[in-house]
Amino acid sequence: MKTQISKNYKKSYSIVAATETLGQQKYIKHQKMHKRYIFWSRIILFIGFLLLWQAAADFGWIDKFYFSSPTEIGKLFIHDIKDRSLLNHIGITLFESGVSFLLIILFSLLIATFFWFYPSLGKLFEPFLIVLNSLPKSALAPLIIVWLGTGLRTIILCGMSVGIFGCILNLYQSFSQTDPERLKLIETLGGTKMQAFTKVVFPGNVPTFISLSKVNIGLALVGVIIGEFLAGRRGLGYLIIYGSQVFKLDMVILSITILCVIAMLIYGVLNFIEQKNES
């Protein structure tokens, strides 16, 4: 009797497990199809936009002088790539943005950590950081130019000024909101404050750190472009200003398009890192 009950139980369990497996497979298949649908919908939408833009330029619905067209921008891109002038400008902007981003992350991490170790100083400086973060950063650029002159240092500092204050605030608040029970456990076991930071606070805030990095790489790029507008002699920001001054709007739109592609690629890389960290 017991053997029969055991067999029936195993049979029922295997049926439930098989049902769950089929349901899971169905769900995974649905999710994959949904992702493919979104991906190809984006591609079709983008191609449709390009075709509409080209048709509007060819049929005179828009003025080519002001709005250019995909084919004209493509020709300019190929021409500038061949003589390597565009690559030089792209490289300069990428270098300045990368340095600005790394300095934002480094200084923000150091200052937020310092404020976590000394909370009274954190509370003291918090309102000043909020004010500086709320200040339009384009207002600081002329001052930075007066202090440092034109050149690489000025542009990098402009890139840093856009994101550093917000990054410090967000990191410090994230560190301060770490689970107090875990910190108490470290303290109860005789751990030091440094051990609490390295074992609990920082590892627990890695997702926040990566999310802030995704935001700040874009802000660094924005700040660098502002700096190149005002103090640059090379870079995509300089090309945009130069192109608008001499009415080469093909150059302006090409530079903006390249900036969009750069931002998209950087976001994709950081998103991939975030997914790897979650898995």
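Residues numbered from 1 in each chain as written. Predicted model: local features only at pLDDT ≥ 70, side-chain atom pairs only at ≥ 80, totals over all residues. Heavy atoms only, no water.

A. Spatial organisation of the overall build of the protein. Across its full length, the protein carries 12 helices and zero strands. Secondary structure elements of the protein, listed N to C terminal, follow the sequence α-α-α-α-α-α-α-α-α-α-α-α. Projected onto its principal axes, the C-alpha coordinates of the protein cover approximately 95 × 60 × 30 Å. Looking at the protein as a whole, 33% of its 279 residues are labelled buried. When contacts within the protein are restricted to residue pairs at least 6 apart in sequence, those whose partners lie at least 24 apart make up 71%. (Helix = DSSP H or I, 4+ residues; strand = E, 2+ residues; numbered from the N terminus. Buried < 20%, exposed > 50% of the residue type's maximum accessible area, 1.4 Å probe, protein only. Contact = heavy atoms within 4.5 Å.)

B. Structural view of the packing of helix α6 (residues 141–148) against helix α7 (residues 152–176). Look at α6 against α7: their axes get within 10 Å of each other, and the N-to-C directions meet at 150°. One finds that α6 runs roughly antiparallel with respect to α7. Handedness of the crossing formed by α6 with α7: right-handed. Packed against α6, whose contacting residues are A141, I144, I145 and L148, the element α7 presents R153, T154, L157 and C158 at the interface. (Axes fitted to C-alpha atoms, helices over the stretch in contact; angles between N-to-C directions. Parallel < 35°, antiparallel > 145°, perpendicular 65-115°, else oblique. Left-handed = near helix turned anticlockwise from the far one by under 90°.)

C. Representation of the layout of surface pockets in the model. Volume-wise, the largest pocket comes out at about 530 Å³. Taken together, 14 residues form the lining of the largest pocket, with F46, T257, C260, V261 and M264 sitting closest to its centre. If you list the elements that add at least two residues to the lining of the largest pocket, you get α1 (2–58), α3 (70–82) and α12 (249–278). Sort the elements by how many residues they give to the lining of the largest pocket and α1 lands first, with six residues. Looking at the lining of the largest pocket residue by residue, the class counts come to 11 nonpolar, two polar and one charged. Counting residues per element, the ones that place at least two in the lining of the second largest pocket are α1 and α12. (1 Å grid on protein atoms, 1.4 Å probe; cavity = no way out; pocket = protein on both sides within 12 Å on 5 of 7 lines; lining within 4 Å. Points joined across faces, edges and corners; volume = space filled by probe spheres on them. Nonpolar A, V, L, I, M, F, W, Y, C, P; charged D, E, K, R; others polar.)

D. The arrangement of the environment of G163 in detail. Within the element layout of this structure, G163 appears in helix α7. Between the C-alpha atom of G163 and that of H30, which follows or precedes it by 133 residues, the distance is 39 Å. For G163, the contacting residues outside a window of four places in its chain are I104, N216 and L219.

E. Representation of the confidence of the model for the protein within the structure. Residues with a pLDDT of 70 or more make up 91% of the protein, whose mean pLDDT is 82. Mean pLDDT values over the elements of the protein span from 73, in α1, up to 90, in helix α4 (residues 85–117). (pLDDT = per-residue confidence, 0-100.)

F. Region of the structure containing the packing of aromatic side chains. The tally for this structure, following the rule as stated, stands at 16 aromatic pairs. Centre to centre, the rings of W116 and F197 are 5.6 Å apart; their planes meet at 45°, and the pair counts as tilted. With W116 in helix α4 and F197 in helix α9 (residues 193–204), this residue pair connects regions lying 81 residues apart in the sequence. F197 carries the same exposure label as W116, and that label is buried. Following the ring pairs from residue to residue traces out a cluster consisting of W116, F117, F175, F197, F202 and F209. (Phe/Tyr/Trp six-rings, centres within 6.5 Å; stacked < 30°, edge-to-face > 60°.)

G. Expanded view of α7. Look at α7: 36 Å from first C-alpha to last across 25 residues, which is about the 36 Å you get at 1.5 Å a residue. Along α7, the largest kink reaches about 35° and is centred on G163. Counting buried residues along α7, 19 of its 25 residues qualify, which places the element largely inside the surrounding structure. (Expected span 1.5 Å × (residues − 1). Bend = angle between axes of the 7 residues up to and from the residue.)

H. Representation of the state of the cysteines within the structure. Tallying each qualifying case throughout the model produces zero disulfides. Of all cysteine sulfurs, the one in C167 lies closest to C158, which takes part in no disulfide; the gap is 18 Å. For C158, a relative accessible area of 4% corresponds to the buried category. Taking the relative accessible area as the measure of exposure, C167 reaches 2% and is therefore buried. (Disulfide = S-S within 2.5 Å.)

I. Unusual backbone geometry, seen in detail. In this structure, S68 is a non-glycine residue whose phi angle is positive, near 55°. If you trace the backbone, S68 turns up in the loop between α2 (64–67) and α3. Positive phi, normally seen in glycine, also occurs at F247, with a value near 60°. With respect to the helices and strands, F247 occurs in the loop between α11 (236–245) and α12. F247 gets classed as exposed once you look at its relative accessible area, which sits at 55%.

J. Here's a closer look at a nonpolar patch on the surface. Side chains of F39, W40, I43, I44, F46, I47, F49 and L51 sit close together on the surface and give an oily, nonpolar patch of about 870 Å² of accessible area. Assignment of secondary structure puts I44 in helix α1. Overall, I44 belongs to the exposed group, its relative accessible area being 59%. (Patch = residues over 30% accessible without salt bridge, like charges linked within 9 Å, V, L, I, M, F, W, Y side chains within 5 Å. Areas by Shrake-Rupley, 256 points an atom, 1.4 Å probe, with all protein chains shown as cover. Salt bridge = Lys/Arg side-chain N within 4 Å of Asp/Glu carboxyl O.)

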